[in-house]
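# Inside the fold
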Amino acid sequence: MNRHAILHKSDSLYSFALTPDTAEIRLRAAKGDISIADVIYGQKHEFSLHRKIARMNISASDGLFDYFTIRLNLDDKRLAYIFLLTDNEGNKYYYSEDGLTETYDFSVAFYNFFQLAYLNGNDIFPRCEWLSRAVVYQIFVDRFHRGVIPENSVKSSETAACDDFINLKWGDKPTSKSFAGGNLDGIAQKLDYICDLGVNTLYLTPIFTSRSNHKYDISDYFSVDPHFGGNAAFDRLMTACKARGIRVILDAVFNHCSEDIKQFRDVCEKGKRSPYFDWFVIYGEKPTKRPLNYEVFASCDYMPKWNTANPEVQEYLCSVGEYWIKEYGIDGWRLDVSDEVSHEFWRKFRKRIKAIGADKVLIGENWHDSSSYLCGDQFDSIMNYAFTKAMLDYFVYKKLDTAALCDKLNELMMRNVTQANLMMLNLLDSHDTHRFYTECGKDENKLLLALAVETFMPGATMVYYGTEIPLEGGYDPDSRRCFIWGEHSFSKRVKELLKYKRLRALTDGDAVFREQNGAIVIERITDGQKVTLIVNNSDSSVCISDTSVKPFCYKVIVE
C-alpha cells in the first residue's frame, strides 16, 4: 500500500456538509491500492462507545488516485469518524489524524478522530438550483445583432441609434478597434431565436459606458453605453427576457476601470490631494504613464486597478452590484479577473448580493484551480476553463486519449465540493479564447461531440454566440466576429442536443466518467433516473452494452 498517496482532511474538499444533516466524506488512495474502504462514524461525544460503519464507493479515478466517497445521513450534527481500509492482500489498517495504523484505541479516540464538529446551517454552501439547469448563451453585444429602437420608445441622446461610431461592415473580420453596431434591442429582437435554441439564460459581456467595443474599461458603472441603446434599451431587454422566463447575467469589471472614470481623472488632476487617491494603487505623488507608476490590468495603462482593500472602494463596487439587481432585476454577475481581487472584498460582495436574493448568482472568471473561492463564502461558480483545456487536449491537440480524458474529468470533479460542481459554468470557448470550431479544424462532428460532453458535465452549459452556426474565429479580436444570420443546419443538431439539459439527472445527478471500448461514457445518476452519454470520437463503430454508436457520433440512453 502506498501510504504517501492516502489523503483526507476534515472540514475541506474531503469533508463537508451538503445539508444540515448530510455530510459528504471523501478519501484519496493510490489507484488500485485499496479494495475496501469503510468509514466508522458516530456522534463525537459518544464515539468511544457507540459507532456505526458504512461502506464507501469509488466515485472517481484519475491517472494516479482512486477517490472513495460516501454521504452520511446524520441523526446528530456532531460528527466524528475514522477509516478502516483493506488492501488487496486482505490487510486491514485504520486511518485517523495520526495517519495509518494497524490498531486503533477507541477509548482515547477524542484525541485523533477526524471530525465535522458541528454542521452549522449558516456554514453550508447552498446550491442555486436554477444555475444547475442553465443553458447559458454568452453574447459579445457589439457583434450579435443591430436592432432598431421601437417606434413607441422615447428617443433621447442616450438612446438615439446613431451610426457614426460604426467602422466595421457587418461580417468583416474585426480588429481591436472595430465597432459593428450590435446593440441590446438587437438581442431583444432575437429572443425567439435564442429560446428556440434551448437557451434559458443570457450572459452579456459588459454593457456599461466605455470608449472600447468590448467595454471592459468602464467609465460609468451606472449607465448603459449609448452604443448599445442606453438604459432604456436595457430595460426593454429585461422586460422581454422576463416575459420569456430568460435569466440575465451581467459582467462585473471590479478589478479595474477606465482611465476616463471620474475618480481616476480627479486623481490625475489633484494627485494625493484627491479624495480618491487611495482608491487606486499608485506609487508616487500622482499617476504617470512614462514611467508607469500605478497598478493596471495586464499591461494596459488605460485600465487602472481598483484598490479593493479600501473600504470606500468596496462600498462603491458593492453599490454597483446592488443597483442593477434592485433596479432592473438581473439574476447575477460574472466577475471579471476575479482572482486578482481580494478575498475580503468578494466575501463582503457576496453578503450584500445574497441579502437581496439567495438565487442571485456569482460566477468568477478564474482560469485555474479555485477551491479557495468556492467554499460558500465568495463565488457560487467559476468559468470552467480547466474543462475547456481538457476538451482541447482531447479533440484538438490529441494530448489525451479517451482513458486519460476520463481521468482528467474525474480529477476536475475532485477539485471542488459537490455544490460547486453542480453550479460550474462549463464552456468550450468564449470571447477570450480561440473559437473551438476553428481549433478543431472546422470539423462539425468534433464540435458537436465536445458540446455533448459539455452538456453532460455537472453544472451549467455555456454556448458562446455563434457556436451553433458554427462561427469561425482565432484569438481575440478574431474570436469576436459578427453573427451571420440565416439558416444553418448545424444549429438544429445543437438544439437537439441541448434538449437533454431538461432531464433531472443532468441537473441533480452524480457523474461517472469512464472509457469503454475506446468511447467516452458519462453516466448521470439520481433517484429514479439514469442517463448515459456515449461519445465515439473514432473512425469505427463501437458497441457499449448492446448499443452501437457510429464513428464520430454520440448516443444518449435514458433509463
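Look up: the structure comes first, before these words.
A quick note: this is a predicted structure, and the numbers were derived from the prediction, not measured.

Basis of the calculations
- Residues numbered from 1 in each chain as written.
- Predicted model: local features only at pLDDT ≥ 70, side-chain atom pairs only at ≥ 80, totals over all residues.
- Heavy atoms only, no water.
- Pairing = 2+ DSSP bridges.
- Helix = DSSP H or I, 4+ residues; strand = E, 2+ residues; numbered from the N terminus.
- Axes fitted to C-alpha atoms, helices over the stretch in contact; angles between N-to-C directions.
- Contact = heavy atoms within 4.5 Å.
- Buried < 20%, exposed > 50% of the residue type's maximum accessible area, 1.4 Å probe, protein only.
- Right-handed = clockwise from strand over helix to strand, strands pointing away.
- Polar contact = N/O pair within 3.5 Å; in protein donor to acceptor, adjacent residues only side chain to side chain.
- Parallel < 35°, antiparallel > 145°, perpendicular 65-115°, else oblique.
- Left-handed = near helix turned anticlockwise from the far one by under 90°.
- Nonpolar A, V, L, I, M, F, W, Y, C, P; charged D, E, K, R; others polar.
- Phe/Tyr/Trp six-rings, centres within 6.5 Å; stacked < 30°, edge-to-face > 60°.
- Lys NZ or Arg CZ within 6 Å of the ring centre and 35° of its normal.

### A word on the sheet that holds strand 23 (residues 510–516)
With antiparallel pairing, four strands are arranged side by side in an open sheet as 23-24-25-28. The open sheet terminates on both sides in strands that have one partner only, identified here as strand 23 and strand 28 (553–558). When strand polarity is set aside, the average angle formed by the axes of neighbouring strands in this sheet is 15 degrees. Bridge count between strand 25 (residues 529–536) and strand 28: six bridges; the pairing is antiparallel. Across the sheet, the residue bridging to Val-531 is Val-558, located in strand 28. Contacting strand 23 and strand 24 (519–526), helix 9 (residues 402–413) runs over the sheet at an angle of about 160 degrees to strand 23.

### Brief notes about the pairing of strand 18 (residues 332–335)
Burial along strand 18 is two-sided: the face carrying Gly-332 and Arg-334 and the face carrying Trp-333 and Leu-335 are both buried. Relative to strand 18, strand 15 (residues 247–252) is paired through four bridges, and the arrangement is parallel. Bridged to Ala-252 within strand 18 is Leu-335. Where strand 18 meets strand 19 (residues 361–364), four bridges bridge the pair, whose relative direction is parallel. Within strand 19, the residue paired with Arg-334 across the bridge is Ile-363. With respect to chirality, the unit in which strand 18 leads through helix 7 (residues 343–356) into the neighbouring parallel strand 19 is right-handed.

### Re unusual backbone geometry
A cis amide bond links Ile-469 with the next residue in sequence, Pro-470, at an omega value of 0 degrees. Counting through the fold element by element, Pro-470 comes out in the loop between strand 22 (460–464) and helix 13 (489–498). In this structure, the amide linkage connecting Asp-476 to the following residue, Pro-477, adopts the cis form with an omega of 10 degrees. Looking at the secondary structure, you find Pro-477 in the loop between strand 22 and helix 13.

### Some thoughts on the side chain of Ser-212
Assignment of secondary structure puts Ser-212 in the loop between strand 13 (208–209) and strand 14 (220–224). A distance of 2.5 Å separates a polar atom in the side chain of Ser-212 from a polar atom in the side chain of Asp-217. When residues no more than four places from it in sequence are discounted, the contact partners of Ser-212 are Phe-179 and Asp-217.

### What to know about the packing of helix 12 (residues 444–456) against helix 13
Following both chains from N to C, one finds helix 12 and helix 13 inclined at 20 degrees, their axes separated by 10 Å at the closest point. By the angle between their directions, the pair helix 12 and helix 13 is classed as roughly parallel. Once helix 12 is placed against helix 13, the crossing between them reads as right-handed. On the side of helix 12, the interface is formed by Glu-444, Asn-445, Leu-447, Leu-448, Leu-451, Ala-452 and Thr-455, while helix 13 contributes Phe-490, Arg-493, Val-494, Leu-497 and Leu-498. Its residues assigned to classes, the contact of helix 12 with helix 13 comprises eight nonpolar, two polar and two charged.

### Some words on the packing of aromatic side chains
Applying the stated criterion across every chain yields a total of 51 aromatic pairs. When the centroid spacing of 5.9 Å and the interplanar angle of 75 degrees are considered together, the rings of Tyr-137 and Phe-144 count as edge-to-face. When its relative accessible area of 0% is taken as the criterion, Phe-144 is described as buried. Measuring from centroid to centroid gives 6.2 Å for Phe-456 and Tyr-500, while their planes differ by 50 degrees, and the two rings are tilted. On the criterion of sequence distance, the pair formed by Phe-456 in helix 12 and Tyr-500 in the loop between helix 13 and helix 14 (504–508) is long-range, its members being 44 residues apart. Residue placement shows Arg-51 over the ring face of Phe-47; its charged tip is 6.0 Å from the ring centre. Directly above the ring of Phe-106 sits Arg-51, whose terminal nitrogen or CZ lies 3.8 Å from the centroid.

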